[in-house]
Amino acid sequence: MRYGTAAPGLAPAAGYPVRYSGEPEDFVRAQVAEGLSEEEARGAVASFEALRAMGDAEPSGDVPRVTGREPRDFRDYAADAAPAWRDY
């Protein structure tokens, strides 16, 4: 799932707007404004860029093999995880 696809799926569960601009400097500015150090924000950008560089992959079947259950729908995951984001 691409970041631009995930962001709008998170917003309803989070209860606030979530957007993805694709611009690393936008992310750094926003994170620094929320209290993260610039170094930490740039480290997060480097992690995101590494994931993006890996590209999209076909589902591998690893989730059922490792967890013993089928993967969850992203919207269901977001709804269950949202309480942690609301306090952020």
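What counts as what
- Residues numbered from 1 in each chain as written.
- Predicted model: local features only at pLDDT ≥ 70, side-chain atom pairs only at ≥ 80, totals over all residues.
- Heavy atoms only, no water.
- Phe/Tyr/Trp six-rings, centres within 6.5 Å; stacked < 30°, edge-to-face > 60°.
- Helix = DSSP H or I, 4+ residues; strand = E, 2+ residues; numbered from the N terminus.
- Buried < 20%, exposed > 50% of the residue type's maximum accessible area, 1.4 Å probe, protein only.

**Q** Any details on the packing of aromatic side chains? Residues and values, ideally.
**A** Enumeration over the complete set of coordinates arrives at four aromatic pairs. Pairing Y3 with Y20 gives two aromatic rings, centres 5.5 Å apart and planes at 45°, and the pair type is tilted. Linking Y3 in helix α1 (residues 3-14) with Y20 in the loop between α1 and α2 (24-33), this pair joins segments that are 17 residues apart in sequence. Seen from their ring centres, F27 and F48 are 5.3 Å apart, and the 80° between their planes marks the pair as edge-to-face. Here F48 lies in helix α3 (residues 38-54) and F27 lies in helix α2, a separation of 21 residues in the sequence. A residue is classified by how much of its surface remains accessible, and F27, at 25% relative accessible area, is partly exposed. Note on F48: relative accessible area 33%, which makes it partly exposed.

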